[in-house]
Amino acid sequence: MKALATAIYAYASTGTNSLKTAVSGRINFAEASQNWSYPYVVYSIPSIEPDHYFGGDRLERALVTIDLFSDSQDPAEIANLTDYARSLFDNALISVSGYSRVQFRWEQTISVRMSDTGVWRCSIDYDVILGA
Amino acid sequence: MKLDWNSDQLLLAVDAALDDACKDAADDAANTMRRLVSKDSGELANAIDARRSEFARGGYVIGIFGTPTTRWEDSLGGRAWFLEYGHAFPGEGQFSAAKKLGVGRSKVRRQNLAAKSVAPKPFMRPALRRLRRTANKHFTNRLKGLAA
């Protein structure tokens, strides 16, 4: 898990991409920093399980969730963040230590808005297949 | 059951077998969700069900079935969502609670003062991912039953 989490952080946070620019680099694993302002990105790896194929190939399949947070009254901000995240991670070619084959497959996107605070949260799930 | 290779009868039999297989798979996924979900009162586990739906592909939908509420966060489905994805918006964790109350974080944890902060405990997505590996078994079992 550590190798995948580290690789995702390096991929999203180094260099230049639209998502990183939109959130001013506020991207973290598992939880947001205490003093962050909106918008920001938190990604997590809720589960990893083995998968077996004919011929003895043993793969690992990870569920990776990219959470986007925005407090803007205009839903355009969360919509843009979602598009940036999708273009960054869909079928991404990410190098993960210990694995030669890595595939990011988009599974679903769910958006909710909290009634009391008006904060938007968009959760994008990826099925990540890791092969040695 | 003996098939006479009349095409109508064959197709109807296959259609019925596929429908039964979808139901088996949906029930399997619902059972997995009930097993994985956090249980305090059991209210959430009791609300999980697999029901027939003409709008769902496969004919069955697996979900949390509860009564509607004014705010989605207060419904059983909303609470299930918080368990699945977690609920830790800024201002609701133990750091923020401690700062607001002027107490130490250990007191916040002991007295559960940061009740709005919920770590994710996925139960829906693992059940559906497991179904991806086991669905073939249900279809195989039902289609095998067609042989005379």
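Let me begin by describing the structure that accompanies this report.

Cut-offs and rules
Per chain, the residues get numbers from 1 upward, laid out in the order the sequence is written. Here chains are named by letter from A upward and ligands by number from 1 upward, in the order in which they appear as written. For this predicted model, a pLDDT threshold of at least 70 governs which residues receive local features, and a threshold of 80 or more governs which side-chain atom pairs are given and counted, while totals over whole chains, interfaces and linings are taken from all residues. Computation of side-chain values covers all heavy atoms of the structure but excludes hydrogens and water. Strands here are runs of E lasting at least two residues and helices are runs of H or I lasting at least four, both read from the DSSP assignment and numbered beginning at the N terminus. A simple rule labels every residue: compare its accessible area, found with a 1.4 Å probe on the protein chains alone, to the largest value its type can have, and call it buried under 20%, exposed over 50%, or partly exposed in between. How far a helix is expected to stretch is found by multiplying one less than its residue total by 1.5 Å. Along the arc lie the directions from the helix axis toward the C-beta atoms. Should any heavy atoms of two residues lie within 4.5 Å, those residues are considered in contact. Joining two parts hides part of their accessible area as seen by a 1.4 Å probe, and the buried area is that hidden amount summed over both. Throughout this description, the term salt bridge denotes a Lys or Arg side-chain nitrogen within 4 Å of a carboxyl oxygen of Asp or Glu. Two strands are counted as paired when DSSP detects at least two bridges linking them. In this analysis, a patch consists of residues with relative accessible area above 30% that form no salt bridge, clustered at 9 Å for like charges and at 5 Å for the nonpolar side chains Val, Leu, Ile, Met, Phe, Trp and Tyr. Reported accessibility uses the Shrake-Rupley method at a 1.4 Å probe radius. Residues are deemed covered only where the shown protein chains occlude them. Side-chain atoms within 4.5 Å link the members of a nonpolar core, which is a set of buried Ala, Val, Leu, Ile, Met, Phe, Trp, Tyr and Cys residues.

What follows covers the environment of A:Gly25. All names here are of chain A. Topologically, Gly25 is positioned in the loop between α2 (18–22) and β1 (27–29). According to the relative accessible area criterion, Gly25 is partly exposed, its value standing at 32%. Through-space distance from the C-alpha of Gly25 to that of Tyr40 is 8.0 Å; in sequence the pair is 15 residues apart.

As a further point, take helix α3 (residues 76–89) of chain A. Residue and element names in this part refer to chain A. Over its 14 residues, α3 runs 20 Å from end to end, which matches the ideal 20 Å to within 8%, given 1.5 Å per residue. Where α3 is concerned, the buried positions are Ile78, Leu81, Thr82, Ala85, Leu88 and Phe89. End-on view of α3: buried residues confined to an arc of 135°, all on one side of the axis. Exposed positions of α3 whose direction lies more than 90 degrees from the buried face are Asp83 and Ser87. For α3, the elements touching its buried residues are α1 (2–13), α2, β3 (58–70), β4 (101–113) and β5 (120–131). Just beyond α3, the residue with positive phi is Asn91, at close to 55°.

Another aspect to go through is the side chain of B:Ser53. Its place among the elements puts B:Ser53 in the loop between β1 (48–52) and β2 (60–64). Discounting residues that sit within four places of it in the chain, B:Ser53 has contacts with B:Gly59, B:Tyr60 and B:Val61.

Contacts between the two partners involve 25 residues from chain A and, on the opposite side, 17 residues from chain B. Between chain A and chain B, the buried area comes to about 2000 Å², and carbon and sulfur atoms account for 50% of it. With a shortest N-O distance of 3.4 Å, B:Arg129 and A:Glu49 are connected by a salt bridge.

So, on to the pattern of salt bridges. Should their charged atoms come close, side chains of opposite charge can pair. Considering all chains together, one arrives at 20 salt bridges over all chains under this definition. A salt bridge links A:Arg61 to A:Asp127; the shortest N-O distance between them is 2.4 Å. One end of the pair, A:Arg61, is in strand β3; the other, A:Asp127, is in strand β5, with 66 residues separating them in the sequence. Classification of A:Asp127 as buried rests on a relative accessible area of 2%. A salt bridge links B:Arg130 to B:Asp28; the nearest nitrogen and oxygen atoms lie 3.2 Å apart. Of this pair, B:Arg130 sits in helix α6 (residues 124–144) while B:Asp28 sits in helix α1 (residues 7–36), and the two are 102 residues apart along the sequence.

To continue, consider the pairing of β3(A). Residues and elements named next belong to chain A. Most of β3 is tucked away: 11 of the 13 residues are buried. Judged from the 11 bridges that link them, strand β2 (residues 40–52) and β3 form a sheet pairing that is antiparallel. Residue Tyr43 lies in a different strand from β3, and its bridge partner there is Ile66. In this sheet, β5 lies alongside β3 in antiparallel orientation, the contact comprising 12 bridges. What sits directly across from Ile66, in β5, is Ile124.

Our next topic: a nonpolar patch on the surface. Residues A:Met1, A:Phe29 and A:Ile48 make up a contiguous nonpolar surface patch of roughly 260 Å² in combined accessible area. Note on placement: A:Met1 falls in the segment before α1.

Below, the discussion takes up the nonpolar core. Looking at soluble globular proteins, one finds that nonpolar side chains tend to be buried together. Counting 31 residues, the largest nonpolar core has A:Leu4, A:Val64, A:Ile66, A:Leu68, A:Phe89, A:Phe104 and A:Val128 as its most contacted members. Core analysis: the second largest hydrophobic core is formed by 15 residues, B:Met33, B:Leu76, B:Ala80 and B:Phe123 among them.

Moving on: unusual backbone geometry. Residue and element names in this part refer to chain A. Pro39 follows Tyr38 through a cis peptide bond whose omega is -10°. Along the polypeptide, Pro39 turns up in the loop between β1 and β2. Here the phi dihedral of Ser24 falls at roughly 55°; this positive angle occurs in a residue that is not glycine. For Ser24, the location among the structural elements is in the loop between α2 and β1. Judged by relative accessible area, Ser24 falls into the exposed class, the value being 55%. The backbone of Ala30 shows a phi angle near 75°, a positive value even though the residue is not glycine. Mapped onto the elements, Ala30 comes out in the loop between β1 and β2. The partly exposed category is assigned to Ala30, whose relative accessible area is 48%.

Purely spatial values, then, with no claim about function.
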